[in-house]
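Now for the letters of each chain:
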Amino acid sequence: MERRDFLQFLALCSMQSLLTTGCASTKTGNLIPMTSTAPVPTDPSAYPSGAPQGKGQIFLFIEDRAGKVQTLRRMDWNNYEYVDYPLPLLYPHSLLQDRNDRDVVYLFEMFGSAVRLDLRTKDAVRIDHKLAREMFYGHAAQSRAGELFVTQLGSDLTTGVVSVKETKSLRTIATLPRECDGAHQIVTMPDSNMAACGVSSVLGRGKGGAVTFVDCDTRKVVNRVALPDSISHLFAISKDEIVALSIELDGLPLDPKYENDSRQNAPGIAKAKPTAIYHVKPDGSSREFLNGGLFDAFRFNSGFAKIPHSDLMVTSHIGSSTVIVWDGAGKPKKVHKIPHPGVVAASPNGEEIMVLTAGKAQSISVKTGEPVKTFGGDDYRVMGIAAYKNN
């Protein structure tokens, strides 16, 4: 399989944001009228404690079964009431909320365009990759100063940079150092001025990957930690630690004719070799995630989340159709067999997780391990999920 074809296919196999399924496209999502079953408040003052109670809210990226209408759905995870917004992209790969205004979101396609969307006014600023000659690589992060750090690709899909953009216009004002080149995802560290880039070997030469830590204020490299495997997604679990997911990138028997449907490529994905999950720190140290004897399930690692109010963590693995809940000691607590699981999200109260799976989203009780509710089906497909952040 050609590298370009495989890169395009990866858009449907991963979202940090979040992360979500995405794909290269020359099609723009059709706009639809805003609809809702009931208003979903976003102002923290609307809640007695200053923040939504219980399971909070979650974003769903959905499309109708005809594939003609794409919608961003903001849903109350407690009672499933929702508000729908026209989605001016085909399949966003990730969603980022503005850290200073949670009703402003940024959505990024992989191998495609980007949008800044105001959820109050529905006003959108869109960079069309066909017109602007900017191709986005799926993810972004925002510094404490408010700048956007955005992963992007060259037109040949073999080079990549992290650009620094102004939030309102999405205008590029700088780029991060070359040690960040080839990054698919960038995240900011909590309570810190640092960001971390997960670097893949797909856009570079040789084997392996890296996590590059950058000072957001000076835009200078703090450290670059080389790793044996290509890094796809990463998650900041503290101000001085990253969890980095690796995947096998080359040599998979995937059919590019089905790059828009990961289920068609499931037999090829299942042949992916197991690769590690890493804990990485800005001081240069790294260690493998304890796999509890389940390393064979670490095929095409796709999602990670910490479960609030506990020491539990959850990982998802497309290649083995496995979702694993881990305890704080790195031992498997529950193992779920779920078809082609992508991104995972945890509710703020720690009661449920939600997993993207083959055109649906499945919520699961953390306590019992039993399914709670499924979203998607005959009427629409769920193409991605992203947890709503209140702080």
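Residues numbered from 1 in each chain as written. Predicted model: local features only at pLDDT ≥ 70, side-chain atom pairs only at ≥ 80, totals over all residues. Heavy atoms only, no water.

1. Remarks on the overall build of the protein
At step 1: Helices and strands together make up the secondary structure of the protein, namely 3 helices and 29 strands.
At step 2: Relative to its full complement of 391 residues, the protein shows a buried share of 60%.
At step 3: Of the roughly 15500 Å² that the protein leaves accessible, carbon and sulfur atoms contribute 48%. (Helix = DSSP H or I, 4+ residues; strand = E, 2+ residues; numbered from the N terminus. Buried < 20%, exposed > 50% of the residue type's maximum accessible area, 1.4 Å probe, protein only. Areas by Shrake-Rupley, 256 points an atom, 1.4 Å probe, with all protein chains shown as cover.)

2. Overview of the packing of aromatic side chains
At step 1: For the structure on display, the rule yields 8 aromatic pairs.
At step 2: Between Phe 289 and Trp 326 the ring centres are 5.1 Å apart and the planes differ by 85°, which places this aromatic pair in the edge-to-face class. Note that Phe 289 is positioned in the loop between strand S20 (286-288) and strand S21 (301-306) and Trp 326 in strand S23 (residues 322-326), a separation of 37 residues in sequence.
At step 3: Since its relative accessible area comes to 0%, Trp 326 is described here as buried. (Phe/Tyr/Trp six-rings, centres within 6.5 Å; stacked < 30°, edge-to-face > 60°.)

3. Concerning unusual backbone geometry
At step 1: Even without glycine at this site, Phe 300 takes up a positive phi of about 55°.
At step 2: Among the structural elements, Phe 300 can be located in the loop between S20 and S21.
At step 3: Despite not being glycine, His 340 shows a phi value in the positive range, around 50°.
At step 4: You can see His 340 is positioned in the loop between strand S24 (332-337) and strand S25 (341-346).

4. Section: the sheet that holds strand S29 (residues 380-387)
At step 1: On the basis of which strands lie adjacent, the open sheet formed by 4 strands has the order S3-S2-S1-S29 and antiparallel pairing. What marks the edges here is a single partner per strand, and that holds for strand S3 (82-86) and S29. Each strand of the sheet is rotated relative to its neighbour by a mean of 25°, with strand direction disregarded.
At step 2: Of the strand pairs in this sheet, strand S1 (residues 57-64) and strand S2 (residues 70-76) are connected by 7 bridges, and their pairing is antiparallel. Bridging across to S2, Gln 57 finds its partner in Asp 76. (Pairing = 2+ DSSP bridges. Axes fitted to C-alpha atoms, helices over the stretch in contact; angles between N-to-C directions.)

5. Quick look at the pairing of S3
At step 1: For S3, the tally of buried residues reaches 5 of 5 residues, placing the bulk of the element in the interior.
At step 2: The antiparallel hairpin formed by S2 and S3 contains 5 residues in its connecting segment, where Tyr 80 sits at a positive phi of about 70°.

6. As for the sheet that holds strand S18 (residues 241-247)
At step 1: Strand order in the open sheet formed by 4 strands is S17-S18-S19-S20, and the pairing between neighbours is antiparallel. Of all strands in the sheet, those bounded by a partner on one side alone are strand S17 (230-238) and S20. With direction set aside, neighbouring strand axes in the sheet form an average angle of 25°.

7. Structural notes on the state of the cysteines
At step 1: As enumerated under the stated definition, the model contains 0 disulfides in all.
At step 2: Cys 180 forms no disulfide, and the closest cysteine sulfur to it belongs to Cys 197, at a distance of 3.5 Å. (Disulfide = S-S within 2.5 Å.)

Everything listed is a geometric property; what it means functionally is a separate question.
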